[in-house]
Structure formats: C-alpha cells, structure tokens
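# Structural overview
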Amino acid sequence: MMPASESMQTFKTIQDYCQAINIPAPKHPSFDIRRFEDNMRSVVSAMPPFRHEFYAIALKIEGGGKAISGHHTDFPENSTVFFNSPFQILSWEIVPDWEGYYIMFTQDFVAQSYMANRLLDDFPFLKIDKAIPFEIKRANIPPLLSVYKNIFEEYDSEAADKFQLIESYTLLLLQWVKRLASRRANAQEVHQEIRKADLKLLSRFQALIEMCFQPEHSIRQPINLHSPKHYAQQLNIHPNHLNAIVKSIIGHTAKQHIHKYLIQLAKTQLRQSTLSIKEIAYSLYFESPNNFSSFFKKHTHQSPKAYRNHLNL
C-alpha cells in the first residue's frame, strides 16, 4: 500500500465521487447502484490513488485492466467480486469494456438499517484489512447477478417502499458474497495474505470501539470512551502511535474516527429507538445531554431533536 499523501483526494459523498470519475450523479445520496456497461461511455479510465467514505460491493463479469484496493495489488483477471471500504486507498487503470454491477452505500444508509449494529461482525470482508478481491467461477455468477438486477429494478422504480426491499436485497447480496468469500482460499492461501501490522492494529482499534459501545458493555468506573488514550492503553501502545497509524491509513485522527462512530451510533438510535435524547446521551457516555447535543450539532449542523423531527416529517 502506498503511503498516505496530503494531496490525495477523499470523496465524502457518493455524488462527489461520481462527479470525479465522470459519471451521472446518483439518484439518492446514501445509496447507488450502477452497471459497469453504462459507465464505460464516460468513466475516467485511470484514477490515481484516492479514498472515499462509503462502502462498495462489485461484480465484474468481464473487462480488462485492474483496480487496486489498499495493499491488495493482485486483482484477478477473470470474473471478480471486489470491495471498497471507507477510507481504503483505491486506484484503477481499466479497459473500457467492463460488464457487471456495483452498489455503493454510506454510513447513513447503514445507520438506518437493521444491519447497523453488526455489519462488520457479520460481513468481515467489508473491514478495511479484509476487503480482498477474489475470482469466482462462472457457475456462481447467476445468483449474484440476479440480486444486483433486483436492486437495479427497485432503484429505478417509483415505489414508496423501494428502499425497504433494497435493504433486504443488499443483505441477501452480502450473504451470497460471504458464502463465496469463505470458499475462496484454503488455509495456506490465507496465511500467505500477510496483513500489515498497522492494518491489523486499525482493525483491533475499530473492534474495540464497537465493543465498548455495545449495550451489554458495563462501565464500572468513569472512563473516557471518547478519548484515544483509553483505546491505546487497551492496545498496549502509546496514544501518539495509535493516532499516527490511524491517520496514515484513513486520513484522519484516532479521535476523529471515534467521533465519526459516535455520530453513526447516535443517528441509529435517533432513527430506530424511542429513547429520549437524554437517554441516548448517557448511553453514549456523554457527561450531559447538553454536551451530547453540542457534539451532535457540531458534526451534523443540526440538533438531535431537529434530526429526529426531520425523519418523522
């Protein structure tokens, strides 16, 4: 994997990403689906390393060239399933003859869905250190293709409940990919896919954050779970080292990474629970509801109450 560069572009929204690679804007800010064939007329055929802040799952049936995600440079030549995780470094150089589909979805899409709390546990291939492209047999293409086509048709429909079906189809797609991913390599091949130490550390850091904010996680003494210092102690490293590793991989600090996760959890609870804002504030270990509201407004430009009320319009 190439070292992080100050000049490397990071696309925060799907719309920004589509504009950068010269394809039409998405119809929805949190979810998009494309056919590679439709992109080929205008897409940028060679993209230098960049990052984006959302997930993508692709099925390439045909096509020349390759994409590089993270430090995985051995892109399969034949039919391929590949992934992009938030903040993973990406680049590509392709021949404009690709066929297949891909979906993209943001943290907001995850926050409002039933997969919010266990996405990375249930589908570990979406983790930044495990998003490894793999080749699939022709016989395994039809079921994946069928799901992509169903999502594509719903996305283009005018049905009021289309995103409920899209969420279900997305979960079905993830389950199919999970099955195929588990078959893709034997133990020796897995052993040969050596993870860099910093990627392993980032994965452990992310898992530790998620564990600390699980409802069943009990805090018996005052601990600042919003501070990188706590996680660095658990990982037996210096906070400066943790911060340097996180920033080198995903482009922002360890503290910013914790804050992004807090905002995701807060949005999920505001969307899906009937907890009061005060209860949510204390469940996320804020000292007071006012502190939580200030934090939420700083990062989203609206108060928790306004965010919840907007959802209920």
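Residues numbered from 1 in each chain as written. Predicted model: local features only at pLDDT ≥ 70, side-chain atom pairs only at ≥ 80, totals over all residues. Heavy atoms only, no water.

### A short note on the overall build of the chain
Assigned secondary structure in the chain consists of 14 helices and nine strands. A buried classification covers 48% of the 313 residues belonging to the chain. Counted over contacts in the chain with a minimum sequence separation of 6, partners at least 24 positions apart contribute 73%. Carbon and sulfur atoms provide 49% of the accessible area of the chain, an area that totals close to 16200 Å². (Helix = DSSP H or I, 4+ residues; strand = E, 2+ residues; numbered from the N terminus. Buried < 20%, exposed > 50% of the residue type's maximum accessible area, 1.4 Å probe, protein only. Contact = heavy atoms within 4.5 Å. Areas by Shrake-Rupley, 256 points an atom, 1.4 Å probe, with all protein chains shown as cover.)

### Notes on the sheet that holds strand β5 (residues 65-69)
On the basis of which strands lie adjacent, the open sheet formed by four strands has the order β1-β3-β7-β5 and mixed pairing. The sheet terminates laterally at β1 (9-11) and β5, the two strands that pair on one side only. If you compare each strand with its neighbour and ignore which way they point, the axes differ by 30 degrees on average. Note: β1 against strand β3 (residues 46-52), three bridges, orientation parallel. Residue pairing in the sheet places Gln 9 in a bridge with Phe 50 of β3. (Pairing = 2+ DSSP bridges. Axes fitted to C-alpha atoms, helices over the stretch in contact; angles between N-to-C directions.)

### Overview of the packing of aromatic side chains
A full pass over the atoms with the stated rule returns 29 aromatic pairs. Pairing Tyr 17 with Phe 54 gives two aromatic rings, centres 5.7 Å apart and planes at 70 degrees, and the pair type is edge-to-face. In this pair, Tyr 17 is assigned in helix α1 (residues 14-20) and Phe 54 in the loop between β3 and β4 (55-62), connecting sequence segments 37 residues apart. Here the aromatic residues Phe 31, Tyr 55, Phe 105, Phe 109, Tyr 155 and Phe 163 are joined through ring pairs into a cluster of three or more. Across the ring face of Trp 98, the terminal group of Lys 60 is positioned such that the distance to the ring centre comes to 5.5 Å. Here Lys 162 stacks its cationic end above the ring of Tyr 155, 5.7 Å away from the centre of that ring. (Phe/Tyr/Trp six-rings, centres within 6.5 Å; stacked < 30°, edge-to-face > 60°. Lys NZ or Arg CZ within 6 Å of the ring centre and 35° of its normal.)

### What about the sheet that holds strand β2 (residues 31-35)?
Backbone-to-backbone hydrogen bonds pair the strands of a sheet. The strands run either parallel or antiparallel. Strand order in the open sheet formed by five strands is β2-β8-β4-β6-β9, and the pairing between neighbours is antiparallel. Edge positions in the open sheet fall to β2 and β9 (134-135), since each of these has one partner strand only. Judged from the five bridges that link them, β2 and strand β8 (residues 99-105) form a sheet pairing that is antiparallel. Counterpart to Ile 33 in the pairing with β8 is Ile 103.

### Points about the pairing of β8
Judged by how many residues are buried, β8 sits mostly within the fold: six of seven residues are covered. With seven bridges connecting them, β4 and β8 associate as antiparallel partners. Counterpart to Glu 62 in the pairing with β8 is Glu 99.

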